[in-house]
Amino acid sequence: MNSKELFEESKKFIPGGVNSPVRAFKGVGGTPFFVKSASGCNLISCDGEKFTDFVCSWGPAIFGHSHPRIKAAIARALENGTSFGAPCELELEMAKLINGLIPCAEMVRMTNSGTEAAMSAVRLARGFTKRDLIVKFAGCYHGHADSLLVKAGSGAATFGNPDSAGVPADFAKLTRVLPFNDFDAAEECFSQEGERIAAVILEAFPANAGLILPKENFLKKLRELCSKHGAVLIFDEVITGFRLGLGGAQKLAGVIPDLCVLGKIIGGGLPVGAFAGRREIMERLSPVGPVYQAGTLSGNPLAMAAGAEALKMIIELDPYAELKRKSDFITSALRQAAKERGVALQVPQAESLFSIFFNENPVENFEGALKSSTALYAKHFKYCLERGVYIAPSAFEVSFMSLAHDGASLERAAEVMASSIKNL
Ligand SMILES: *Cc1c(COP(=O)(O)O)cnc(C)c1O
């Protein structure tokens, strides 16, 4: 079956034909391609087409797809069995690696997805503080647990509005949603309900609404605010962990949260999540503490082997300067094309994360991001895809660079993206 036939057939058995919504290309139109195989910086579709991939499995493929070392690590682990329901040494290895690299990570608990990890971190913060309210920021994604699937309604710091059907309004009422980069709003929120706030959770560099960069001192001031009021500061580093450098966003920004959430890269391409943080808080978790959290497949040996190998490669190769250079090459080509053509294009970048907004102004928060043209993005996406360059199928997602993106692929991709901008 070709992609079109597979998609039609899938829609009969899987809602919308996909197991995660963005894959359906609803934001950009057209039919998604089905992947037959992936290797290096390329995806090969069931139609025999080859795409240079800037989605990179949404981040995990920092060394590109099917890396021989990661495959070998999985193969070695596979010899010993796929799941034990009892602890294994690979879990200790993983916890030690994370502990050694992520500043806040005195202790670590593994999960099977970022969603689970974020949900558990919030429960832990509530159990630790014995408070119920949580504060999040509009446009930040923390997976799809009920209390986190809430963004700003029209009135920002008032009661959150559920973002999804099926989230009880009573749950959403415990979530306060603030505009990112607006410290005054956070201070105001704390001045009214500070003693009821268990946690502030955020992506320090929001990368699920396109890429939004934190303003100077915003994170530092949030840190101080949380400390002052006894609230737990949680950085969701599912994307930024091991993407913005060895110590994640917290190291880059020089702001250490109480807890952080990890995922994506730390699974080496296998399903994974983790949350980590201060010992005093982490030891409130079951079985030492009263906050329950568990997982049949948590710490799965194959995922631990793949993730640990990825982290060891990161330590050995220190890939960040090269990743940034490759990303700079693409983003400067985009900026140059926009300038030549007079297109209002914003190209925010943090290390090897970048996105584009068809927007007159630099984007500082979710509201600003939503003013970008999705029609122009869809046109750009289609132009690139037809020429073998795959960028995120949504105007509000980021692009990821991998170490496997070679010079020739990058030059061709830059050329395609630039001519797309000039042809808009
Ligand atoms: C992807 C992501 C999650 C959710 O992780 P899953 O493994 O998809 O459940 C949470 N937070 C952020 C910042 C993410 O990018």
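Definitions and limits used
- Per-chain numbering applies: the sequence of each chain, read as written, is numbered from 1 onward.
- Only residues with pLDDT of at least 70 get local features here, since the model is predicted, and only at 80 or more are side-chain atom pairs given and counted; chain-wide, interface and lining totals rely on the full set of residues.
- Excluding hydrogens and water, the side-chain values take into account all heavy atoms of the structure.
- Numbering of helices and strands starts at the N terminus; helices are DSSP runs of H or I of at least 4 residues and strands are runs of E of at least 2.
- With C-alpha atoms as the basis for the radius of gyration, the globule rule is written as 2.2 Å multiplied by the number of residues raised to the power 0.38.
- Only protein chains enter the accessibility calculation, which uses a 1.4 Å probe; a residue whose area is less than 20% of its type maximum is buried, one above 50% is exposed, and one in between is partly exposed.
- In what follows, residue pairs with any heavy atoms lying within 4.5 Å of each other are defined as contacts.
- We get accessible surface area from the Shrake-Rupley algorithm with a probe of 1.4 Å; when it comes to residues, only the shown protein chains can shield them.
- To be near a molecule or strand, a residue needs just one of its heavy atoms within 4 Å of it.
- When residue character is reported, Ala, Val, Leu, Ile, Met, Phe, Trp, Tyr, Cys and Pro are called nonpolar, Asp, Glu, Lys and Arg charged, and the others, Gly included, polar.
- By the convention used here, strands pair only if DSSP detects at least 2 bridges between them.
- Between the first and last residue of a helix there are one fewer steps than residues, each counted as 1.5 Å, and that sum is the expected span.
- Definition of a polar contact: a pair of N or O atoms within 3.5 Å, with one able to donate and the other able to accept a hydrogen when the atoms are protein atoms, and with sequence-neighbouring residues admitted only if both atoms are side-chain atoms.
- For this document, the term salt bridge refers to a Lys or Arg side-chain nitrogen within 4 Å of an Asp or Glu carboxyl oxygen.

Trainee: Please clarify how the overall build of the protein chain should be interpreted in this entry.
Mentor: For the protein chain, the helix and strand inventory stands at 14 helices and 16 strands. Taking 424 residues into account, the globule formula puts the C-alpha radius of gyration at 22 Å, and the protein chain, at 21 Å, falls close to it. Structurally, the protein chain occupies a C-alpha span of about 55 × 55 × 45 Å along its principal axes. Scored against the burial criterion, the 424 residues of the protein chain give a buried share of 54%. Within the protein chain, contacts between residues at least 6 apart in sequence are counted, and of these 71% link residues at least 24 apart. Accessible surface, the protein chain: about 18200 Å² in total, of which carbon and sulfur atoms supply 52%.

Trainee: Which parts of the structure should I look at to understand the environment of proline 362?
Mentor: Considering the arrangement of structural elements, one finds proline 362 in the loop between strand 14 (353-354) and helix 12 (366-369). Judged by relative accessible area, proline 362 falls into the exposed class, the value being 63%. Along the sequence, proline 362 and phenylalanine 7 sit 355 residues apart, while their C-alpha atoms lie 37 Å from each other.

Trainee: Explain the site of the ligand here, please?
Mentor: As a matter of local geometry, the ligand sits amid Ser113, Gly114, Thr115, Tyr141, His142, Gly143, Glu203, Asn208, Asp236, Val238, Ile239 and Lys264. When its residues are assigned to classes, the shell around the ligand shows three nonpolar, six polar and three charged.

Trainee: What should I look at first to understand the sheet that holds strand 13 (residues 349-350) in this one?
Mentor: The strands that make up a sheet pair up through hydrogen bonds in the backbone, lying either parallel or antiparallel. Sheet architecture is open: three strands sit in the order 13-14-16, paired in antiparallel fashion. Each edge of the sheet is formed by a strand with only one pairing partner; in this case those strands are strand 13 and strand 16 (399-400). Summarising the sheet, strand 14 and strand 16 pair through two bridges and their orientation is antiparallel. Within strand 16, the residue paired with phenylalanine 354 across the bridge is serine 399.

Trainee: Where do I start with helix 13 (residues 374-386) in this structure?
Mentor: It helps to recall that an α-helix has 3.6 residues per turn; residues three or four apart then point in one direction. Between its first and last C-alpha atoms helix 13 spans 18 Å; for 13 residues at 1.5 Å apiece the expected length is 18 Å, and the two agree. All buried positions along helix 13 are accounted for by Tyr377, Ala378, His380, Phe381, Tyr383, Cys384 and Leu385. Where helix 13 is buried, its residues contact strand 3 (50-53), helix 11 (320-341), strand 15 (389-390) and helix 14 (407-423). One side-chain oxygen of the residue at the start of helix 13 lies 3.4 Å from the amide nitrogen of alanine 375, identifying that residue as serine 373. Positive backbone phi, approximately 80°, marks glycine 388, located one or two places after helix 13.

Trainee: What am I meant to see in the environment of alanine 378 here?
Mentor: Within the fold, alanine 378 resides in helix 13. Each C-alpha atom of the pair alanine 378 and alanine 249 lies 30 Å from the other, and the pair is 129 residues apart in sequence. The residues contacting alanine 378, other than those within four sequence positions of it, are Gly27 and Val28.

Trainee: How do you make sense of the pairing of strand 12 (residues 273-277) when you look at a structure like this?
Mentor: Regular strands place side chains that alternate from one sheet face to the opposite one. With five of five residues buried, strand 12 lies mostly within the body of the structure. Neither face of strand 12 is exposed, since Gly273, Phe275 and Gly277 on one face and Ala274 and Ala276 on the opposite face are all buried. Direction of pairing for strand 4 (residues 107-111) relative to strand 12: antiparallel, over a ladder of five bridges. Bridged to methionine 107 within strand 12 is glycine 277. Direction of pairing for strand 11 (residues 259-263) relative to strand 12: antiparallel, over a ladder of five bridges. In the sheet register, glycine 263 faces strand 12, and the bridge partner there is glycine 273.

Trainee: Could you clarify how one ought to interpret the pattern of salt bridges in this entry?
Mentor: Proximity of charged atoms lets side chains of opposite charge pair with each other. On inspection of all chains with the given rule, the structure shows 18 salt bridges. Measuring nitrogen to oxygen at the nearest pair gives 3.4 Å for the salt bridge that ties glutamate 8 to lysine 11. Of this pair, glutamate 8 and lysine 11 are both found in helix 1 (residues 3-13), three residues apart, which corresponds to roughly one turn of the helix. Of the charged contacts in the structure, one is a salt bridge between arginine 387 and glutamate 386, with a shortest N-O distance of 3.8 Å. It is possible to trace a salt-bridge network through shared partners that takes in Arg69, Arg76, Glu309 and Glu316.

By themselves these figures say nothing about function.
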